[in-house]
Amino acid sequence: MTDDSSAPAGVRVPDSRLAREATELVRDSTDELIYHHSRRVYFFGSLQGARQKLSFDPELLYVAAMFHDLGLNEPFHASGRRFEVDSADEARRFLEAHQVPQDGVRRVWTAIALHTTPGIPAYMEPEVALVTAGVEYDVLGIGYHDLDAADRAAVVAVHPRPDFKKRILAAFTEGVRPKPQTTFGNVKADVLAHYVPGFERGDFVRTILDSPWAE
(Lines give C-alpha, C1' and ligand atoms only; values in the text may rest on other atoms or scores of the structure.)
Protein backbone atom coordinates (compact mmCIF):
# COMPACT_ATOMS: atom_id res chain seq x y z
CA MET A 1 0.00 0.00 0.00
CA THR A 2 1.28 3.44 -0.92
CA ASP A 3 2.00 5.65 2.08
CA ASP A 4 -0.79 8.24 2.07
CA SER A 5 1.08 10.29 4.65
CA SER A 6 3.43 11.46 1.90
CA ALA A 7 2.62 14.61 -0.03
CA PRO A 8 4.23 14.61 -3.48
CA ALA A 9 4.36 18.13 -4.85
CA GLY A 10 2.76 19.29 -1.59
CA VAL A 11 -0.55 17.54 -2.32
CA ARG A 12 -1.94 15.22 0.33
CA VAL A 13 -4.52 12.50 -0.06
CA PRO A 14 -7.45 13.28 2.26
CA ASP A 15 -7.02 11.57 5.63
CA SER A 16 -10.54 10.23 5.97
CA ARG A 17 -12.29 6.88 6.17
CA LEU A 18 -13.96 7.61 2.81
CA ALA A 19 -10.62 8.18 1.07
CA ARG A 20 -8.98 5.18 2.73
CA GLU A 21 -11.79 2.86 1.72
CA ALA A 22 -11.81 4.24 -1.82
CA THR A 23 -8.09 3.48 -2.02
CA GLU A 24 -8.58 -0.05 -0.74
CA LEU A 25 -11.45 -0.74 -3.12
CA VAL A 26 -9.48 0.40 -6.15
CA ARG A 27 -6.35 -1.49 -5.07
CA ASP A 28 -8.43 -4.65 -4.68
CA SER A 29 -10.43 -4.36 -7.90
CA THR A 30 -7.98 -3.15 -10.53
CA ASP A 31 -4.33 -3.44 -11.52
CA GLU A 32 -1.26 -1.33 -10.88
CA LEU A 33 -1.63 0.52 -14.18
CA ILE A 34 -5.07 1.92 -13.35
CA TYR A 35 -4.26 2.43 -9.67
CA HIS A 36 -1.17 4.56 -10.32
CA HIS A 37 -2.88 6.42 -13.16
CA SER A 38 -5.86 7.22 -10.95
CA ARG A 39 -3.65 8.53 -8.19
CA ARG A 40 -1.73 10.70 -10.63
CA VAL A 41 -5.03 12.09 -11.90
CA TYR A 42 -5.81 13.22 -8.36
CA PHE A 43 -2.40 14.81 -7.84
CA PHE A 44 -2.25 16.50 -11.23
CA GLY A 45 -5.86 17.64 -10.95
CA SER A 46 -5.16 19.10 -7.52
CA LEU A 47 -2.08 20.92 -8.81
CA GLN A 48 -4.04 22.34 -11.72
CA GLY A 49 -6.75 23.42 -9.30
CA ALA A 50 -4.21 25.24 -7.14
CA ARG A 51 -2.68 26.85 -10.22
CA GLN A 52 -6.11 28.07 -11.33
CA LYS A 53 -7.01 29.15 -7.78
CA LEU A 54 -10.11 26.93 -7.77
CA SER A 55 -11.87 26.02 -4.55
CA PHE A 56 -12.61 22.29 -4.60
CA ASP A 57 -13.39 19.46 -2.22
CA PRO A 58 -10.26 17.25 -2.11
CA GLU A 59 -12.21 14.25 -0.87
CA LEU A 60 -14.70 14.36 -3.74
CA LEU A 61 -11.92 14.94 -6.24
CA TYR A 62 -10.00 12.00 -4.82
CA VAL A 63 -12.92 9.57 -5.01
CA ALA A 64 -13.74 10.69 -8.56
CA ALA A 65 -10.13 10.27 -9.65
CA MET A 66 -9.83 6.84 -8.05
CA PHE A 67 -13.05 5.47 -9.57
CA HIS A 68 -12.87 7.09 -13.00
CA ASP A 69 -11.53 4.05 -14.90
CA LEU A 70 -13.05 1.17 -12.91
CA GLY A 71 -15.54 0.57 -15.73
CA LEU A 72 -12.71 -0.74 -17.90
CA ASN A 73 -12.53 -3.85 -15.71
CA GLU A 74 -13.73 -7.24 -16.98
CA PRO A 75 -16.95 -7.35 -14.88
CA PHE A 76 -18.28 -4.44 -16.96
CA HIS A 77 -17.37 -5.75 -20.42
CA ALA A 78 -20.92 -6.98 -21.05
CA SER A 79 -22.75 -4.01 -19.54
CA GLY A 80 -23.63 -2.38 -22.85
CA ARG A 81 -22.87 1.02 -21.32
CA ARG A 82 -19.99 3.41 -21.84
CA PHE A 83 -17.23 2.53 -19.40
CA GLU A 84 -17.39 6.05 -18.01
CA VAL A 85 -21.00 5.46 -16.94
CA ASP A 86 -20.11 2.12 -15.34
CA SER A 87 -17.30 3.85 -13.44
CA ALA A 88 -19.59 6.68 -12.36
CA ASP A 89 -22.28 4.27 -11.19
CA GLU A 90 -19.74 2.36 -9.07
CA ALA A 91 -18.65 5.62 -7.46
CA ARG A 92 -22.26 6.58 -6.78
CA ARG A 93 -22.95 3.27 -5.05
CA PHE A 94 -19.82 3.70 -2.95
CA LEU A 95 -20.65 7.26 -1.94
CA GLU A 96 -24.30 6.54 -1.16
CA ALA A 97 -23.23 3.59 1.01
CA HIS A 98 -21.11 6.11 2.95
CA GLN A 99 -24.07 8.53 3.20
CA VAL A 100 -22.36 11.30 1.26
CA PRO A 101 -24.82 14.15 0.49
CA GLN A 102 -26.45 13.94 -2.92
CA ASP A 103 -24.78 17.09 -4.23
CA GLY A 104 -21.40 15.48 -3.65
CA VAL A 105 -22.57 12.23 -5.26
CA ARG A 106 -23.79 14.18 -8.28
CA ARG A 107 -20.49 16.02 -8.67
CA VAL A 108 -18.48 12.82 -8.54
CA TRP A 109 -20.81 11.00 -10.93
CA THR A 110 -20.68 13.87 -13.41
CA ALA A 111 -16.90 14.25 -13.12
CA ILE A 112 -16.39 10.60 -13.99
CA ALA A 113 -19.06 10.35 -16.68
CA LEU A 114 -17.67 13.36 -18.57
CA HIS A 115 -13.95 12.76 -18.18
CA THR A 116 -13.49 11.74 -21.84
CA THR A 117 -15.81 14.45 -23.19
CA PRO A 118 -13.59 17.44 -23.95
CA GLY A 119 -14.89 20.98 -24.06
CA ILE A 120 -17.57 20.69 -21.37
CA PRO A 121 -16.11 19.79 -17.92
CA ALA A 122 -13.95 22.93 -17.74
CA TYR A 123 -17.15 25.01 -17.47
CA MET A 124 -18.66 22.96 -14.65
CA GLU A 125 -18.00 22.59 -10.91
CA PRO A 126 -14.30 22.47 -9.94
CA GLU A 127 -14.34 18.76 -9.08
CA VAL A 128 -15.77 17.99 -12.52
CA ALA A 129 -13.29 20.24 -14.27
CA LEU A 130 -10.29 18.93 -12.35
CA VAL A 131 -10.87 15.23 -12.93
CA THR A 132 -10.80 15.93 -16.65
CA ALA A 133 -7.79 18.23 -16.21
CA GLY A 134 -5.93 15.47 -14.36
CA VAL A 135 -6.84 12.87 -16.98
CA GLU A 136 -5.87 15.15 -19.84
CA TYR A 137 -2.58 15.96 -18.15
CA ASP A 138 -1.64 12.33 -17.46
CA VAL A 139 -2.93 10.71 -20.66
CA LEU A 140 -2.71 13.43 -23.30
CA GLY A 141 -0.09 15.78 -21.89
CA ILE A 142 -2.49 18.74 -22.16
CA GLY A 143 -1.10 21.56 -20.02
CA TYR A 144 2.15 19.61 -19.54
CA HIS A 145 4.22 22.75 -19.04
CA ASP A 146 1.63 24.42 -16.80
CA LEU A 147 3.02 22.53 -13.80
CA ASP A 148 6.50 22.79 -12.37
CA ALA A 149 8.84 20.04 -13.59
CA ALA A 150 9.87 19.25 -10.02
CA ASP A 151 6.23 18.77 -9.00
CA ARG A 152 5.62 16.54 -11.99
CA ALA A 153 8.69 14.45 -11.15
CA ALA A 154 7.64 14.16 -7.49
CA VAL A 155 4.26 12.71 -8.46
CA VAL A 156 5.74 10.27 -10.98
CA ALA A 157 8.35 9.15 -8.44
CA VAL A 158 5.56 7.97 -6.14
CA HIS A 159 3.29 6.71 -8.93
CA PRO A 160 5.51 5.68 -11.84
CA ARG A 161 4.34 5.30 -15.42
CA PRO A 162 6.51 2.67 -17.16
CA ASP A 163 5.46 2.25 -20.83
CA PHE A 164 2.28 4.06 -19.85
CA LYS A 165 1.20 5.21 -23.32
CA LYS A 166 1.05 1.69 -24.78
CA ARG A 167 -0.34 0.12 -21.61
CA ILE A 168 -3.20 2.59 -21.16
CA LEU A 169 -4.15 2.23 -24.83
CA ALA A 170 -4.21 -1.54 -24.34
CA ALA A 171 -6.44 -1.10 -21.27
CA PHE A 172 -8.82 1.12 -23.25
CA THR A 173 -8.91 -1.43 -26.07
CA GLU A 174 -9.67 -4.38 -23.82
CA GLY A 175 -12.24 -2.43 -21.84
CA VAL A 176 -14.17 -1.19 -24.87
CA ARG A 177 -13.63 -3.93 -27.48
CA PRO A 178 -16.59 -6.04 -26.17
CA LYS A 179 -19.03 -3.12 -26.57
CA PRO A 180 -17.97 -1.20 -29.70
CA GLN A 181 -21.37 0.48 -30.00
CA THR A 182 -20.47 2.60 -26.97
CA THR A 183 -17.72 4.38 -28.92
CA PHE A 184 -20.14 6.26 -31.18
CA GLY A 185 -19.45 9.98 -30.92
CA ASN A 186 -16.55 9.72 -28.47
CA VAL A 187 -12.79 9.34 -28.41
CA LYS A 188 -12.77 5.56 -27.85
CA ALA A 189 -13.69 5.09 -31.51
CA ASP A 190 -10.12 6.20 -32.28
CA VAL A 191 -8.76 3.46 -30.01
CA LEU A 192 -10.73 0.66 -31.65
CA ALA A 193 -9.96 2.00 -35.12
CA HIS A 194 -6.25 1.66 -34.34
CA TYR A 195 -6.24 -1.65 -32.50
CA VAL A 196 -9.28 -3.77 -33.50
CA PRO A 197 -9.20 -5.12 -37.08
CA GLY A 198 -12.53 -4.78 -38.83
CA PHE A 199 -13.93 -2.16 -36.48
CA GLU A 200 -16.28 0.25 -38.25
CA ARG A 201 -16.99 3.64 -36.75
CA GLY A 202 -20.49 4.89 -36.32
CA ASP A 203 -21.07 7.73 -38.78
CA PHE A 204 -23.11 10.67 -37.50
CA VAL A 205 -23.95 11.92 -41.00
CA ARG A 206 -25.07 8.48 -42.19
CA THR A 207 -27.11 8.05 -39.01
CA ILE A 208 -29.04 11.21 -39.87
CA LEU A 209 -29.41 10.44 -43.59
CA ASP A 210 -30.45 6.81 -42.96
CA SER A 211 -32.94 7.58 -40.19
CA PRO A 212 -36.58 6.51 -40.76
CA TRP A 213 -37.63 10.12 -41.30
CA ALA A 214 -38.63 10.81 -44.90
CA GLU A 215 -37.31 14.36 -44.91
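In case you missed it, the structure is sitting above this.
Residues numbered from 1 in each chain as written. Predicted model: local features only at pLDDT ≥ 70, side-chain atom pairs only at ≥ 80, totals over all residues. Heavy atoms only, no water.

**Student:** Describe the overall build of the protein chain, listing the residues and the values that go with them.
**Tutor:** The number of helices and strands found in the protein chain is ten helices and zero strands. In the protein chain, the succession of helices and strands from N to C terminus is α-α-α-α-α-α-α-α-α-α. Computed over its C-alpha atoms, the radius of gyration of the protein chain comes to 18 Å, within 12% of the 17 Å expected for a compact globule of 215 residues. Its C-alpha atoms put the protein chain at 60 × 40 × 35 Å along the principal axes. The buried share of the protein chain, reckoned over its 215 residues, is 47%. Sequence separation of 24 or more characterises 64% of the internal contacts of the protein chain that already satisfy a separation of 6 or more. Total accessible area on the protein chain is roughly 11,000 Å²; 55% of this is exposed by carbon and sulfur atoms. (Helix = DSSP H or I, 4+ residues; strand = E, 2+ residues; numbered from the N terminus. Rg over C-alpha atoms; globule rule 2.2 N^0.38 Å. Buried < 20%, exposed > 50% of the residue type's maximum accessible area, 1.4 Å probe, protein only. Contact = heavy atoms within 4.5 Å. Areas by Shrake-Rupley, 256 points an atom, 1.4 Å probe, with all protein chains shown as cover.)

**Student:** Tell me about the packing of aromatic side chains, and please be specific about residues and values.
**Tutor:** Applying the stated criterion to the full structure yields six aromatic pairs. Summarising the aromatic geometry, the rings of F67 and F94 are spaced 5.1 Å apart at their centres and angled 40° between planes, so their arrangement reads as tilted. Of this pair, F67 sits in helix α3 (residues 58-67) while F94 sits in helix α4 (residues 83-97), placing them 27 residues apart in sequence. The residues F67 and F94 share a single accessibility class, namely buried. A connected cluster of aromatic rings, assembled from ring pairs, spans Y42, F43 and Y62. Cation over ring: R40 sits above F164, and NZ or CZ is 4.7 Å from the ring centre. (Phe/Tyr/Trp six-rings, centres within 6.5 Å; stacked < 30°, edge-to-face > 60°. Lys NZ or Arg CZ within 6 Å of the ring centre and 35° of its normal.)

**Student:** Give me the lowdown on helix α2 (residues 32-51), citing residues and values where you can.
**Tutor:** The end-to-end C-alpha distance of α2, which contains 20 residues, comes to 28 Å, matching closely the 28 Å that a straight helix rising 1.5 Å per residue would cover. With 17 of 20 residues buried, α2 lies mostly within the body of the structure. Where α2 terminates, the next one or two residues include K53, which has phi positive at roughly 60°. (Expected span 1.5 Å × (residues − 1).)

**Student:** An account of the nonpolar core is needed here, citing residue identities and associated values.
**Tutor:** Membership of the largest hydrophobic core comes to 39 residues, with the highest contact counts inside it found for Y42, V63, F67, L95 and V108. Among the secondary structure elements, those contributing two or more residues to this core are α1 (17-29), α2, α3, α4, α5 (102-113) and α6 (126-140). Residue contacts for Y42: discarding those within four places in its chain leaves V11, R12, V13, P14, P58, L61, Y62 and A65. Of all hydrophobic cores here, the second largest spans 14 residues; its members include F83, A171, L192 and F199. (Core = buried A, V, L, I, M, F, W, Y, C linked by side-chain atoms within 4.5 Å.)

**Student:** I'd love a proper account of the pattern of salt bridges, names of residues and values included.
**Tutor:** In this structure the tally under the stated criterion is 18 salt bridges. Its salt-bridge partner being D146, residue R51 comes within 3.4 Å of it at the nearest N-O pair. Of this pair, R51 sits in helix α2 while D146 sits in the loop between α6 and α7 (149-158), and the two are 95 residues apart along the sequence. Its salt-bridge partner being D190, residue R201 comes within 2.8 Å of it at the nearest N-O pair. Of this pair, R201 sits in the loop between α9 (188-195) and α10 (204-209) while D190 is found in helix α9, placing the two residues eleven residues apart along the sequence. We classify D190 as partly exposed; its relative accessible area is 37%. Salt bridges linked by common partners bring D103, R106, R107, E125 and E127 together as one network. (Salt bridge = Lys/Arg side-chain N within 4 Å of Asp/Glu carboxyl O.)

**Student:** Residue-level account of the environment of D148, with values.
**Tutor:** Within the fold, D148 resides in the loop between α6 and α7. Overall, D148 belongs to the partly exposed group, its relative accessible area being 45%. For the pair D148 and A9, spaced 139 residues apart in the sequence, the C-alpha separation amounts to 9.1 Å. At 2.8 Å, the side chain of D148 forms a polar contact with the backbone nitrogen of A150. (Polar contact = N/O pair within 3.5 Å; in protein donor to acceptor, adjacent residues only side chain to side chain.)

**Student:** Let's hear about the environment of A91: which residues, and what values?
**Tutor:** With respect to the helices and strands, the residue A91 is situated in helix α4. Of the residues examined, A91 reaches a relative accessible area of 0% and is grouped as buried. In this view, A91 contacts F67, V108 and I112; residues no more than four positions away in its chain are not counted.

**Student:** Can you tell me about the packing of α2 against α6, naming the residues and giving the values?
**Tutor:** Following both chains from N to C, one finds α2 and α6 inclined at 115°, their axes separated by 7 Å at the closest point. Regarding the angle of α2 to α6, the classification is roughly perpendicular. Here α2 runs over α6; the crossing is right-handed. Residue-level contacts link H37, R40, V41, F44, G45, Q48 and G49 of α2 to L130, V131, A133, G134, V135, Y137, D138 and V139 of α6. Taken together, the residues of the contact of α2 with α6 sort by class into eight nonpolar, five polar and two charged. (Axes fitted to C-alpha atoms, helices over the stretch in contact; angles between N-to-C directions. Parallel < 35°, antiparallel > 145°, perpendicular 65-115°, else oblique. Left-handed = near helix turned anticlockwise from the far one by under 90°. Nonpolar A, V, L, I, M, F, W, Y, C, P; charged D, E, K, R; others polar.)

Any functional reading would require information beyond the geometric quantities listed.
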